Amino acid sequence: MVKTVAIIGAGPSGLLLAHYLLSRGDKYNINIYEARSDRRIIPFSKSRTFPISLNERGMTALRQIPGLEAAVKAVSVEMTGTLFHQKNGKSRLTPRKKPLVTLDRTNLVIVLLNQLTQKYDESRLKIHFDSQCHSVDLAAKTVTFKNIPKTDNFTVNYDLLLGTDGANSVVREAFLSTEEFKCEQKYYPTDYKSIFLNNSKNSSLHLKSDHIHTWRLKDGTLMVALHQFDGTLSGAINFPREKNQIASLSSPEEVLNFFHQNFPEIGQIMTEEDAQNFLNRPIAKILTVRCNHYHQGDSVLIMGDAAHAVSSSIGQGCNAALEDVAVFDHLLEEYHDDLAESLKQFTIRRQPDGYALVELGDYAFPTSTGLFFEFILREYIAKILHRVFPEKFPPSLIDLIFETTVSYSEILTSYQDWITKVKKSNDKLLST
Ligand SMILES: Cc1cc2nc3c(=O)[nH]c(=O)nc-3n(C[C@H](O)[C@H](O)[C@H](O)COP(=O)(O)OP(=O)(O)OC[C@H]3O[C@@H](n4cnc5c(N)ncnc54)[C@H](O)[C@@H]3O)c2cc1C
């Protein structure tokens, strides 16, 4: 019998999930419900987006759907290394073995949506925008939505409910009513603000447009900027919530001064309009989420940020979300679309990786400057040891995360000592 599937959230994981389920023949009838409006028809809002880097994990999941990899690459820039800018104007390059595919999150969503609606008509796929999931009744297998422009509610039934509604998931919230579900939600100690520069062509950065540019200040502020395929430059500035300089900036002049002083390469190309836009953009918090399981019986599953939201510091949230989808598809194949078994196995196979992912996001990069230098040194030594004795020494931590598809739980096991050290140091810094 054809199953009625409700996917909550048309972000990267929800949309890729629809692609995968629809490619499994006509077993599933898909309805996607998204709180926001259709990104393809509303003007591109840069206040709610940021660049995303996809590595082998995310790209492997996209590649399995015909046409997706090429469509994503058409709006991406491939990054061959990371350039660390220093205060004295010098910079240090860490090259990559495999380039990272980088693009704006909104563009990724638009590509996934376009490909879906080109391939499938309304007989199998319906996308309901402006429909905000309000509550889930697990026993009755119903979901209630608020239609945002009309402000009236409507309720639908499901055979399978897939919660891909991000870090503040309402589907996950419904799990809290069950006894065995445990979930830890925590705000990451740094906040962030997106940054966009309309034209980066007349700058030293433009000469290195296939590099991710990063800067780090003594107080832990981290700036990342990437060239986009349309000639713009975008990125995010992450900064400690307490005593940060960003929240106190109150005019375009102060913004320009701040960038000239701290990130001169960005200051040079920032216009007054860019500075005003930066000022207007809200400061955003990063919520991290760890849960003990991702499914309920044979009918509800959470994945992506809804299951394991992670700090953006290691650029893995989207990669992991896309990887989740490929893992779920693999389980449906293995268990012949038996939902009870596939959902249960998803928790068994994916929860340890989700837990490890959040741990790596919290503690792979140290906050203390002293430990940061130790980290750089460790990376350098690990790379050499792995090159000379590949059988004996694993790749460096960063190479494992960015350049391989080794599971997050295996990476955590290999680097547990370092993670424990950073955890202790961060806890000490936070308590002073
Ligand atoms: C600054 C920054 C930089 C990042 N950089 C990277 C990177 O380089 N690489 C990487 O892999 N990851 C990165 N990430 C993480 C990445 O953006 C997320 O992990 C990824 O978007 C998760 O995808 P998702 O589909 O699970 O959830 P989301 O992208 O959060 O999508 C959830 C969707 O659900 C919708 N929704 C939410 N609530 C409801 C509701 N109640 N009803 C209906 N719809 C709802 C939302 O509108 C949204 O469309 C970054 C994150 C940030 C903040």
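Residues numbered from 1 in each chain as written. Predicted model: local features only at pLDDT ≥ 70, side-chain atom pairs only at ≥ 80, totals over all residues. Heavy atoms only, no water.

Draft legend 1. Quick look at the state of the cysteines. Taken as a whole and assessed by the stated rule, the structure comprises 0 disulfides. Free cysteine Cys133: the closest other cysteine sulfur is in Cys291, separated by 16 Å. Take Cys133: its relative accessible area is 8%, and that puts it in the buried class. Here Cys318 stays free of any disulfide, with the sulfur of Cys291 as its closest cysteine sulfur at 18 Å. Residue classification places Cys318 among the buried positions, given a relative accessible area of 12%. (Disulfide = S-S within 2.5 Å. Buried < 20%, exposed > 50% of the residue type's maximum accessible area, 1.4 Å probe, protein only.)

Draft legend 2. Looking closely at the sheet that holds strand E17 (residues 295-296). Reading across from one edge, E6-E2-E1-E10-E18-E17 is the order of the 6 strands in this open sheet, with mixed pairing throughout. The two strands at the open ends of the sheet, each matched to only one other strand, are strand E6 (125-128) and E17. Of the pairings in the sheet, the one linking E17 to strand E18 (residues 300-302) comprises 2 bridges and is antiparallel in character. Its bridge partner lying in E18, Gln296 is registered against Val300. (Pairing = 2+ DSSP bridges. Helix = DSSP H or I, 4+ residues; strand = E, 2+ residues; numbered from the N terminus.)

Draft legend 3. Expanded view of the pairing of strand E7 (residues 131-137). By the bridge criterion, 6 bridges tie E7 to strand E8 (residues 142-147) in an arrangement that is antiparallel. When the bridges of E8 are listed, Asp137 appears paired with Thr142. Linking E7 back to E8 in an antiparallel pair, the connection comprises 4 residues, with Lys141 at a positive phi of about 55 degrees.

Draft legend 4. Focus on the packing of aromatic side chains. One pass over the full model with this rule turns up 17 aromatic pairs. Considering the side-chain rings of Phe365 and Phe375, the 5.3 Å spacing of their centres and the 75 degrees angle between planes classify their relative orientation as edge-to-face. Taken together, the residues span a long stretch of sequence, with Phe365 in the loop between helix H11 (339-363) and helix H12 (369-388) and Phe375 in helix H12 at a distance of 10 residues. Classification of Phe375 as buried rests on a relative accessible area of 5%. Between Phe372 and Phe373, the aromatic rings sit 6.5 Å apart at their centres with planes inclined by 65 degrees, giving edge-to-face as the arrangement. On the basis of relative accessible area, Phe372 is assigned to the buried category, the value being 13%. On the accessibility criterion, Phe373 (56% relative accessible area) is exposed. Here the aromatic cluster, defined as three or more aromatic residues joined through ring pairs, consists of Trp215, Phe258, Phe259, Phe263 and Phe278. The cationic tip of Lys193 hangs over the ring face of Phe278; the distance from NZ or CZ to the ring centre is 4.7 Å. (Phe/Tyr/Trp six-rings, centres within 6.5 Å; stacked < 30°, edge-to-face > 60°. Lys NZ or Arg CZ within 6 Å of the ring centre and 35° of its normal.)

Draft legend 5. Spotlight on the site of the ligand. Of all residues adjacent to the ligand, which total 32 residues, the nearest are Ser13, Glu34, Ser53, Cys133 and Asp305. Interatomic distance of 2.8 Å between a backbone N/O atom of Cys318 and an oxygen atom of the ligand. Here the ligand has 1000 Å² of accessible area as a free molecule, and 88% of this is covered by the chains. When residues of the shell around the ligand are traced back to their parent elements, those giving at least two are helix H1 (12-22), strand E3 (51-54), E7 and helix H10 (317-334). Sort the elements by how many residues they give to the shell around the ligand and H10 lands first, with 4 residues. (Near = heavy atom within 4 Å. Polar contact = N/O pair within 3.5 Å; in protein donor to acceptor, adjacent residues only side chain to side chain. Areas by Shrake-Rupley, 256 points an atom, 1.4 Å probe, with all protein chains shown as cover.)

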